[in-house]
Amino acid sequence: MANRTLGGLLLAFQFFSSIPVHKEIQLEKPQVTAMYSLLPVVGLVMGALTSALIWLMQETTEIGPLMIAFLLASLLWAITGGLHLDGLADTGDAYFSYQNKDKRLEIMGDPRIGAFGAMVLIFAIVGKIIVLAELIPTVSLIALAVVPVISRIGLAVLSAIAKPAKTQGLAAYFQSLINRRMLMAAMSAWSLLVFIIVFVFCGWTLALSFFAVAVVATIIYKKWCDKNFGGVTGDLLGAYAEGMELLLWGVLLFFV
């Protein structure tokens, strides 16, 4: 049990972050299920580091919120190695090609970035920096920190409930190995924990808002993926992670 948990945790950092994990781990059903079950830990590390950076910059420097937001966004993208941004750009290129599902999947597999992917990328990067700059001076650090955790909970849930758009690829392989019942139980526990934390430190209104927005957005995104791509891919999951973070930080704007 301990080996499976440790293996899953190391796999979560190995495949969903740029944090180096120099260890070969079996990719079997228990380990992959544990990897997704512990995916929120990656978000927890991201949230903790972002809160620490904000506190450090505010306490020791005279740097303004816009620069802190830029450093914060850069830190987040450095932790993920730009993996999710790459998925977002590929999703933008594929969707705005207005081709059929098979052609969209083909475009998504092209390593080159097109005009639509670049525009989506710019919008996401600029949007995240602007939103964070608005939030940093007034919003609780805990509220900011839980957003990457919620995003990874949603990512794990989406991986469990959505069908793969392709029979091949790493995301489809991982999805084939997930014990969905165990994963959904783990995500329910994570969701309850995050809800309690936000409720205690930030109030029930924000806790309910986060929960409602995350659930509704995940359902809508799954249906959108099914309609336009026939399911999810690694790129679509990466785009979800980036989009969910921006969406939830946007929700916080109503509480400043």
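If you're wondering where the values come from, they're calculated on a predicted model, not measured in any experiment.

This brings us to the nonpolar core. Among the nonpolar cores identified, the biggest contains 83 residues, and Met-35, Tyr-36, Leu-144, Met-187, Phe-210, Trp-249 and Leu-252 are the most heavily contacted of them. Among the elements that make up this core, the one with the highest residue count is helix α8 (residues 141–161) (twelve residues). Once you skip the residues sitting within four places of it in the chain, Trp-249 turns out to touch Leu-76, Lys-128, Val-131, Leu-132, Leu-135, Leu-144, Val-147 and Pro-148.

Relative to the helices and strands, Thr-233 resides in the loop between α11 (204–229) and α12 (234–252). Owing to a relative accessible area of 4%, Thr-233 belongs among the buried residues under this scheme. Excluding its chain neighbours within four sequence positions, the residues that come into contact with Thr-233 are Leu-105, Met-108, Ala-165, Lys-166 and Ala-171.

Time to look at helix α2 (residues 29–37). Within α2, seven of the nine residues are buried, which leaves it mostly tucked inside the rest of the structure. Those residues of α2 lying buried are Gln-31, Val-32, Thr-33, Ala-34, Met-35, Tyr-36 and Ser-37.

Below, the discussion takes up the pattern of salt bridges. Close approach of charged atoms allows side chains with opposite charge to pair. For the coordinates displayed, the defined rule picks out six salt bridges. One salt bridge in this structure joins Arg-112 and Asp-110, with 2.9 Å as the shortest N-O distance. The exposure class of Arg-112 is exposed, given its relative accessible area of 63%. A salt bridge links Lys-222 to Asp-226; the shortest N-O distance between them is 3.0 Å. Placement of both Lys-222 and Asp-226 in helix α11 is noted, with a separation of four residues, approximately one turn of the helix. Here the residues in one salt-bridge network are Lys-128, Arg-152, Glu-242 and Glu-245, joined through shared partners.

Cut-offs and rules
- Residues numbered from 1 in each chain as written.
- Predicted model: local features only at pLDDT ≥ 70, side-chain atom pairs only at ≥ 80, totals over all residues.
- Heavy atoms only, no water.
- Core = buried A, V, L, I, M, F, W, Y, C linked by side-chain atoms within 4.5 Å.
- Buried < 20%, exposed > 50% of the residue type's maximum accessible area, 1.4 Å probe, protein only.
- Helix = DSSP H or I, 4+ residues; strand = E, 2+ residues; numbered from the N terminus.
- Contact = heavy atoms within 4.5 Å.
- Salt bridge = Lys/Arg side-chain N within 4 Å of Asp/Glu carboxyl O.

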